[in-house]
Amino acid sequence: MESRAYSRAELEEIFHTSRLDSIKRSLERAGYGFESAGRGEGYTITITSLPEPTTDFEAFVKREFACGPQTNFEGMETFFSLLLFDSEFRYFPATYQAQFLKEQCNLSVSDQTLRNWKKKLIDLNWIATDDNDCRYYACRRGQKPSPIDPERHKSAWREFYSRTAKGESPEMVRREIYHRNGGMPRKQRGFAENGIEQEKMQEFKRILKKSK
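Summarised in this report is the structure supplied together with it. None of the values given here were measured: they were computed from a predicted structure.

### Things to note about the overall build of the chain
Within the chain, the regular secondary structure consists of nine helices and six strands. Rg of the C-alpha trace for the chain: 22 Å, well past the compact-globule value of 17 Å for 212 residues, more than 25% over. Overall, the C-alpha framework of the chain stretches about 65 × 40 × 30 Å when taken along its three principal axes. A separation of at least 24 residues holds for 59% of the contacts in the chain among residues at least 6 apart in sequence. For the chain, the exposed area adds up to about 12,500 Å²; of that, 46% sits on carbon and sulfur atoms. Positive and negative side-chain charges of the chain, numbering 36 and 32 respectively, have mean locations separated by a distance of 6 Å.

### Describing the side chain of serine 26
Here serine 26 is to be found in helix H2 (residues 20-30). Taking relative accessible area as the criterion, serine 26 reaches 9% and is therefore assigned buried. Sequence-distant contacts of serine 26, that is, excluding residues within four places in its chain, are made with Phe15, Pro69 and Gln70.

### Concerning unusual backbone geometry
Look at histidine 16: it is not a glycine, yet its phi comes out positive at around 60°. Position of histidine 16 among the secondary structure elements: in the loop between helix H1 (8-15) and H2. Within the chain, asparagine 125 stands out as a residue other than glycine whose phi angle is a positive 65°. Structurally, asparagine 125 is set in the loop between helix H6 (111-123) and strand S4 (127-139).

### Overview of the packing of helix H7 (residues 150-165) against helix H8 (residues 170-181)
Direction vectors running N to C along H7 and H8 enclose 160°, while the axes themselves pass 9 Å from each other. Here H8 runs roughly antiparallel to H7, going by the angle between their axes. Here H7 runs over H8; the crossing is right-handed. Each of Arg152, Ala156, Glu159, Phe160, Arg163 and Thr164 in H7 lies in contact with H8, whose residues at this interface are Pro170, Met172, Val173, Arg174, Glu176, Ile177, Arg180 and Asn181.

### Focus on helix H5 (residues 94-105)
Its twelve residues give H5 an end-to-end C-alpha distance of 15 Å, which sits within 8% of 16 Å, the value for a rise of 1.5 Å per residue. Turning to H5, the residues buried within the fold contact helix H4 (73-85) and H6. Taken from the residues just after H5, asparagine 106 is the one with a positive phi, measuring 60°.

What counts as what
- Residues numbered from 1 in each chain as written.
- Predicted model: local features only at pLDDT ≥ 70, side-chain atom pairs only at ≥ 80, totals over all residues.
- Heavy atoms only, no water.
- Helix = DSSP H or I, 4+ residues; strand = E, 2+ residues; numbered from the N terminus.
- Rg over C-alpha atoms; globule rule 2.2 N^0.38 Å.
- Contact = heavy atoms within 4.5 Å.
- Areas by Shrake-Rupley, 256 points an atom, 1.4 Å probe, with all protein chains shown as cover.
- Lys, Arg positive; Asp, Glu negative; His and termini not counted.
- Charge placed at Lys NZ, Arg CZ, Asp CG, Glu CD.
- Buried < 20%, exposed > 50% of the residue type's maximum accessible area, 1.4 Å probe, protein only.
- Axes fitted to C-alpha atoms, helices over the stretch in contact; angles between N-to-C directions.
- Parallel < 35°, antiparallel > 145°, perpendicular 65-115°, else oblique.
- Left-handed = near helix turned anticlockwise from the far one by under 90°.
- Expected span 1.5 Å × (residues − 1).

Laid out in structure tokens, this is it:
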């Protein structure tokens, strides 16, 4: 954004929301100074000062991922650092990844946002889900997933489909499997980096390592 006045229509297009309080919070978080005036369709925001120069990470994701000023750059940077460099974090379900960021890093990011961020790497063909790189867990709400062996996961879901095919309640069978295994058995796939896009990925990883 530039040091000028923006109409309400422009602001709604930039921030993808009609909520003025949300737009102002996004500007404040991004470091803009501004003044607002008018009401209704005549509402305007005038940018009076620009943010401090962006970090290498912020400049990179704005360019490569088309991230807007409302992006939680601190949360995104921490998430990608863990996703790419932590040998365990990448396998966790997004719900627990969000819980980990909140508890360990004091960052509030929804699990859906984390899925969307990871999807940016997939959509750019920087990474791809690897069916040959899997870990198996018993997952309980609010707790760190517990590793289980693949056969235990396979047996649990074989039982689920066998019993529900005979007419048993899926909810009841799922509850029994949950309690017997100390959580719901889940198969979590890792990912592989695409060799063709290694130049971009390596640049991204260098920036993340530099900021750690």
